[in-house]
Amino acid sequence: MAKLSAKYPGEKEYLQAVQEVLESIEDIYNQHPEFEKAKIVERMVEPDRIFTFRVTWVDDRGEVQTNTGYRVQFNSAIGPYKGGLRFHRAVTPSMLKFLGFEQTFKNALTTLPMGGAKGGSDFSPNGKSDEEIMRFCQAFMQELWQCIGPDQDIPAGDVGVGGREIGYMYGQYKKLARQYNTGVLTGKGSTWGGSVLRPEATGFGALYFTQNMLHRIGKDIKGCTIAVSGFGNVAWGASKKALELGAKVVALSGPDGVCEIPDGITPEMIDYMLVMRASNRDKVEDMATRFPGKAFFTPGKKAWSVKCDIALPCAFQNELSEEDAKELKANGTWCCCEVSNMGCEPGAIHYFQNNGVMFAPGKAVNAGGVATSGLEMTQNASHISWGAKEVDERLHFIMASIHSQCVQFGQQPDGSVDYVKGANIAGFMKVATAMLEQGII
Ligand code: GLU
């Protein structure tokens, strides 16, 4: 860690993600001298390669705009590079390196053969028209297409990149590469190679994982109150499944504040989340305006100020601080499943773990998204498409398997499970063993 911090000073998110994994694997690593001999950790924390490129496009006023695009190909030990693209004003190499690092272990947990990658741009979709989004996606793909391929590197969505953006990028990829293999991107539309349930998969998978955690201690999610942060694709899928399982989503938040929904979210509100996402306004207040008397907006507050049994961070890294963790606990929260990537600050995780709040990390909880991308790749490669029942059954199986890997490697002497340790050790062992077997490369 000391060497890495000296080499990459200021890469806060990247160093945070590496630190968490190294802390978890320390004991097991020291029991394997062959890992140390092959310098597995030193090799694993460095991305295989990073592509950086200029993205220039013209906005609706005819002005030329320039952004920076990236693709971080992190690790290919267990399969081709796989991971999403993030379009957000705060994107930096540090952010994408943390996400690519996390993705490597997450993908290893899915049981599917996928390596880790991440990419994106400091382009902000906020306030952009549909035409501007299309022109940006096309300009971005003009550079990216040479780095990717269905057996090489398969991007998908992340924050700021959904079905619309994947569509524009896939169209441009075909024009440039003259390759018509749909497997080059996942999260496609369902009529042109996309898997049914891929849009829902991250949120659905997170709720299946939560159910597994609760069932292990003899509880059920039915009747529980849930606070959700964000109103994008992940929050949408999570709210939809929570409602279906009989839980009550009592809060949704955005960068502008929180909407309290005392009687619980309704199907109409869940549909409206899609409208809010497509508007590029990034304001949760719109929910309260659309549903007066049912959703109540408070500016500047987080979802974690609302009383709930279960907290589901579904938005961005470090969105839940130690202070938030204390507030949740004081209000009676007893479970937090991190759905966003690294959604909780280290202080929050430690507070939860030391104060009897069950906690599971994003790389386990949100892996259903990329797992269903893996299922999309399988369907594309076999030129078939499965129905919702088949995909959902596989997703259930994968989430149950991730949960049992966490239990296997995270079991504590007192019978409880350290899900952070479990997920990190299970992912690490798979990647490390593959790297060892493939020699010094
Ligand atoms: N961006 C998502 C994640 O963080 C999905 C990646 C994918 O489907 O490739 O896992």
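Presented here is a report on the structure given in the accompanying data block.

So, how was this worked out
Within any chain, residue numbers begin from 1 and follow the written order of that chain's sequence. In keeping with the predicted nature of the model, local features appear solely for residues at pLDDT of at least 70, side-chain atom pairs appear and are counted solely at 80 or more, and the whole-chain, interface and lining totals rest on all residues. Hydrogens are left out, water is left out, and the side-chain values use all remaining heavy atoms of the structure. The rule for pairing is simple: two strands pair if DSSP sees at least two bridges between them. To qualify as a helix, a DSSP run of H or I must reach at least 4 residues; to qualify as a strand, a run of E must reach at least 2; elements of each kind are numbered from the N terminus. Here an angle of 0 to 180 degrees is reported between the N-to-C directions of two axes, which are lines fitted to C-alpha atoms, with helices fitted over the stretch in contact. In this description, contact between two residues means that some pair of their heavy atoms is separated by no more than 4.5 Å. Near residues are defined by distance, with any heavy atom within 4 Å of the molecule or strand qualifying the residue. Pairs of N or O atoms are called polar contacts if they sit within 3.5 Å, as long as, within protein, a hydrogen donor faces a hydrogen acceptor (for residues adjacent in sequence, only side-chain-to-side-chain pairs). Residue polarity follows a fixed list, in which Ala, Val, Leu, Ile, Met, Phe, Trp, Tyr, Cys and Pro are nonpolar, Asp, Glu, Lys and Arg are charged, and the others, Gly among them, are polar. Put simply, buried Ala, Val, Leu, Ile, Met, Phe, Trp, Tyr and Cys residues joined by side-chain atoms within 4.5 Å make one nonpolar core. Between buried and exposed lies partly exposed: a residue is buried under 20% and exposed over 50% of the maximum accessible area for its type, with that area taken using a 1.4 Å probe on protein chains only.

### Digging into the sheet that holds strand β4 (residues 116-121)
In spatial order, the strands read β1-β2-β4-β3-β5; together these 5 strands make up an open sheet with mixed pairing. In the strand order of this sheet, the two ends are held by β1 (49-58) and β5 (153-156), each with one partner. Shown here is a sheet whose adjacent strand axes are inclined to one another by a mean of 20°, direction ignored. Two strands pair when backbone bridges link them, and strand β2 (residues 64-75) and β4 are joined in this way by 6 bridges, in the antiparallel orientation. Looking across to β4, one finds that N75 is bridged to G116. Running over the sheet, helix α6 (residues 130-144) touches β1, β2, β3 (81-87), β4 and β5 and is turned about 140° from β1.

### Some words on the site of the ligand
As a structural note, the neighbourhood of the ligand is formed by 13 residues, with K82, K106, G157, D158 and S373 the closest of them. Between the ligand and the protein, one listed contact pairs a nitrogen atom with a side-chain N or O atom of D158 at 2.8 Å. N341 has a polar side-chain atom sitting 3.1 Å from an oxygen atom of the ligand. Among the elements of the structure, β3, α5 (93-109) and α15 (367-382) are those that each provide at least two residues to the shell around the ligand. A per-element tally of the shell around the ligand places β3 first, with 3 residues. The residue inventory of the shell around the ligand, partitioned by class, reads 2 nonpolar, 6 polar and 5 charged.

### Let's talk about the nonpolar core
Of all hydrophobic cores here, the largest spans 66 residues; its most connected members are F209, I226, L252, M287, I310, L312 and I402. Per-element accounting of this core gives the leading share, 8 residues, to helix α8 (residues 198-216). Other than its neighbours up to four places away in sequence, M287 contacts L252, C259, M269, Y272, M273, M276 and A295. Core analysis: the next-biggest nonpolar cluster, separate from the first, contains 37 residues, L15, F35, F74 and A77 among them.

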